[in-house]
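# A closer look at the structure
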Amino acid sequence: MNWAAKDLHEKAWPEMLRLPNKLLLLVVTMLTLAGCSSLTAVDEKHSETKTPETLTTFDQVPYSSLLLLPKSVPTRTISYGSDALQTVSVYEAQKDSGGVSAFHSAIIFIHGGCWLNAYDASHGAGFYSALATTGIDTYAVEYRRTGDEGGGWPGSLHDIQDAINTITRSLSQTNEEKNVYIVGHSAGGHLALLAAASQLNIPKSINIKAVIGLAAITNVTEYAKGTNSCQTATPDFMGGKPEVRFEAYKKATPHLERIGYPVVLMQGDADAIVPALHSESEHAKTISIVNGGHFDWLHPKSDSYKALVKVVTAND
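Residues numbered from 1 in each chain as written. Predicted model: local features only at pLDDT ≥ 70, side-chain atom pairs only at ≥ 80, totals over all residues. Heavy atoms only, no water.

## Quick look at the state of the cysteines
Overall, the coordinates contain one disulfide when judged by the stated rule. Sulfur-sulfur distance for the disulfide between C114 and C230 comes to 2.4 Å. Sign of the S-S torsion, about -130° for the bond between C114 and C230, identifies this disulfide as left-handed. Residue C114 is located in the loop between β3 (105-110) and α4 (125-134), and its partner C230 is located in the loop between α7 (220-223) and α8 (234-238); the two are separated by 116 residues in the primary sequence. By relative accessible area, C114 is classed as buried at 13%. Taking relative accessible area as the criterion, C230 reaches 2% and is therefore assigned buried. (Disulfide = S-S within 2.5 Å. Helix = DSSP H or I, 4+ residues; strand = E, 2+ residues; numbered from the N terminus. Buried < 20%, exposed > 50% of the residue type's maximum accessible area, 1.4 Å probe, protein only.)

Take a look at the structure:
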């Protein structure tokens, strides 16, 4: 029963006790049916799942829809450390009969999930597959997160730094020249921006075109003060609250002015998980998507996804 129906029942009950028996039975029956109707409506609303076939470009994408997307098997995997989680799944771009892909772009992607080990890279498998089908090489980074030995702050950042170094070194050993984009979503966007602002060992032959944050968390101190489930997970990642771990939070705040590449912050204006203020910076280009939700970036039928593809193929 929803809260409105519950309140109605509680207030009406004393008055109903004064009614004749037959009339009382009728009123109780009507209220019960009304409550059941309200409950059914609420349940149907919350259990609704948009499938890839029914989603329109005007809907916000629920997390559950990402898991229903068609996905392909990674072309290969790369290890960047000794831990089983320190791996990169490579989705090579689809090529035509002449062995040529539609674009010369490659994405190094860091997934989100509130930094928690409950959410791994697999929830973006449909996204990686769609990018590869579009003609974009995609390097999906897995890393140790909160709950994993060695994960959390600063271990998760160290994993991303090592992964980027390893991927770019691998790219430098091929004969193909690629326009490379470092892209991160949500908590992964936070780590992507931090890593890009640090001292990375990227071969000089690698052409990094931009660092892109998709609903990226850019201010962990403010984010940790929030009340949604992802915001309340921030202290677990950081090892304490901002007032206790002040210096750690300071180091975990991306300084976009220190990034030696163009920075693009892409944000849906209807994102309920990461507030729009995280995309506001004088050191970045901001792209806002009307009615864009938090998970839209990972669904190939959304406007957000199409906007991302436009950015990462602009130099082809």
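## Focus: the nonpolar core
Ranked by size, the top nonpolar core spans 85 residues in total, and within it V141, I212 and M266 carry the most contacts. In terms of residue count, the dominant contributor to this core is helix α6 (residues 187-196) (seven residues). Setting aside residues no more than four positions away along its own chain, I212 makes contact with Y181, I182, V183, G184, V264, M266, L308, V311 and V312. (Core = buried A, V, L, I, M, F, W, Y, C linked by side-chain atoms within 4.5 Å. Contact = heavy atoms within 4.5 Å.)

## Digging into the confidence of the model for the protein chain
Caution is warranted with low-pLDDT regions, since their predicted coordinates should not be read in detail. Across the protein chain, the average pLDDT comes to 86, with 82% of residues at or above 70. In this model residues 1-58 is a low-confidence stretch, pLDDT under 50, and it forms 42 contacts with partners more than four residues away in sequence or in other chains. (pLDDT = per-residue confidence, 0-100.)

## Thoughts on the packing of aromatic side chains
One pass over the structure, following the stated rule, counts 10 aromatic pairs. Ring centres of Y63 and F295 lie 5.4 Å apart, and the angle between their planes is 65°; on these two criteria the pair is classed as edge-to-face. Note that Y63 is positioned in helix α3 (residues 63-66) and F295 in the loop between β8 (285-289) and α10 (303-312), a separation of 232 residues in sequence. Owing to a relative accessible area of 27%, Y63 belongs among the partly exposed residues under this scheme. The interplanar angle of 80° and the centroid separation of 6.4 Å between the aromatic rings of W115 and Y223 together place this pair among those described as edge-to-face. (Phe/Tyr/Trp six-rings, centres within 6.5 Å; stacked < 30°, edge-to-face > 60°.)

## Regarding unusual backbone geometry
The bulk of non-glycine residues show a negative phi, and the bulk of peptide bonds are trans. That bond from W153 to P154 is cis: its omega, 0°, falls within 30 degrees of zero. Positive phi outside glycine occurs at S186, with the angle close to 60°. With respect to the element layout, S186 can be found in the loop between β5 (179-185) and α6. Among the residues examined, S186 registers a relative accessible area of 2% and is labelled buried. Residues other than glycine seldom take positive phi values, yet N291 does so here, at roughly 60°. With a relative accessible area of 36%, N291 lands in the partly exposed category.

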